[in-house]
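# Examining the three-dimensional arrangement
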Amino acid sequence: VFASAIFMAVGVGAKLLFVIWLGAGIMGMLEGALLGVTVALVVAATMEWRLLWPRVVWTHVRTALRYSIPLIPHAASTFVFMLSNRVILEHYVSLRDLGWFSVAASIAHVPLLLVDAFSMAYSPHFIAQAKQHRKELIHETYRLIRYWWLGMLMIMVSFFVLAEDVARILLGPEFYGA
């Protein structure tokens, strides 16, 4: 989660630098994303150095693959969807507007980070409990999802109410007219 936060912060900052201030267009957006991923990789590698050379337990690998292989098409389609809108918009709006869209899309990924973090944290618990306490888990999951969505709704409403102020703080006075 810490590496994801670093990736988001550096990625948004680099995209602002490359796309808006340096005027690099779509290549600047990609360079900013690459810089964010690179910094997050370095941070994660230094934090988890001992985990880079794990001992492989093949039964765990088989279990992990059975769980994760169906998730690959979802992750790939999400990635393609998130980038395709920029390629399409490039033909209809100016590069400056495309840069603004990229910055806004990066900021809007905060809820996606929260959902991914929740999913990664809760899935192992859910799978372990589903084998033993199926009925109780269903009620627990409904309750948890209800509170999760209420929390996400409050975050989203706050985000939309404060979006202009947050953009002004992040971007500075030279971009107020854009």
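Being a predicted model, the structure only gives us computed values, none of them experimental. (Residues numbered from 1 in each chain as written. Predicted model: local features only at pLDDT ≥ 70, side-chain atom pairs only at ≥ 80, totals over all residues. Heavy atoms only, no water.)

### Overview of the nonpolar core
Within soluble globular proteins, side chains that are nonpolar generally end up buried alongside one another. Note the cut-off: What is meant by a nonpolar core is a set of buried Ala, Val, Leu, Ile, Met, Phe, Trp, Tyr and Cys residues, joined one to another through side-chain atoms within 4.5 Å. When a residue's accessible area, from a 1.4 Å probe over protein chains only, is under 20% of the maximum for its type it is buried; when over 50% it is exposed; and in between it is partly exposed. Strands here mean DSSP runs of E at least two residues long; helices mean DSSP runs of H or I at least four residues long; both are numbered from the N terminus.
Counting residues in each nonpolar core, the largest one holds 10 residues, listed as Val 12, Leu 16, Val 19, Ile 20, Ile 26, Met 29, Leu 98, Trp 100, Val 103 and Ile 107. Elements with a minimum of two residues in this core: helix H1 (2-21), helix H2 (25-47) and helix H5 (95-130).

### Describing the layout of surface pockets
The line we're drawing: The way it works is a 1 Å grid over only the protein atoms, where trapped points that fit a 1.4 Å probe form a cavity and open points with protein on both sides within 12 Å along at least five of seven lines form a pocket, and then any residue with an atom within 4 Å of a point lines it. Grid points are joined across faces, edges and corners, and a volume is the space filled by probe spheres set on the points. Here the nonpolar group is Ala, Val, Leu, Ile, Met, Phe, Trp, Tyr, Cys and Pro; Asp, Glu, Lys and Arg are the charged ones; every other residue, Gly included, is treated as polar.
Looking at the largest pocket, its volume works out to about 1400 Å³. Listed by contribution, the elements that provide at least two residues to the lining of the largest pocket are H1, H2, helix H3 (58-68), helix H4 (71-89) and H5. In terms of residue count, the dominant contributor to the lining of the largest pocket is H5 (12 residues). A class-by-class count of the residues in the lining of the largest pocket yields 23 nonpolar, 11 polar and 5 charged.

### Some details on H2
The cut-off we apply is this: Expected helix span is computed as 1.5 Å times (number of residues minus one).
For H2, built from 23 residues, the straight-helix expectation of 33 Å at 1.5 Å per residue is met to within 8% by its first-to-last C-alpha distance of 33 Å. Turning to H2, its buried residues are Gly 25, Ile 26, Gly 28, Met 29, Gly 32, Gly 36, Ala 40 and Val 43.

### Details of H5
Applied cut-off: Fitting axes to the seven residues that end at a residue and to the seven that start at it, the angle between those axes gives the bend at that residue.
Taking 1.5 Å as the rise per residue, H5 with 36 residues should run 52 Å; its terminal C-alpha atoms sit 49 Å apart, in good agreement. Along its length, H5 shows its largest kink, about 35°, at Tyr 122, and proline Pro 124 lies within four residues downstream of that point. Of the residues making up H5, those classed as buried are Leu 98, Gly 99, Trp 100, Ser 102, Val 103, Ala 105, Ser 106, Ile 107, Tyr 122, Ser 123 and Ala 130.

### Some thoughts on the packing of H4 against H5
Worth spelling out the cut-off: To obtain each axis, a line is fitted to C-alpha atoms, and for helices this fit is confined to the stretch in contact; angles are then taken between N-to-C directions over 0 to 180 degrees. Angle categories: roughly parallel below 35 degrees, roughly antiparallel above 145, roughly perpendicular from 65 to 115, and oblique for all the rest. Crossing handedness is defined as follows: a turn of the near helix away from the far one that is anticlockwise and smaller than a right angle gives a left-handed crossing, while the clockwise case is right-handed. Here a residue-residue contact requires only that any non-hydrogen atoms of the pair lie within 4.5 Å.
H5 packs onto H4 with a crossing angle of 165° between their chain directions and a minimal axis gap of 11 Å. Our classification of the angle between H4 and H5 gives roughly antiparallel. As H4 packs across H5, the resulting crossing turns out to be right-handed. Two secondary-structure elements touch here, H4 through Met 82, Asn 85, Arg 86 and Leu 89 and H5 through Leu 98, Phe 101, Ser 102, Ala 105, His 109 and Leu 112.

Spatial relationships are all this shows, so hold off on functional conclusions.
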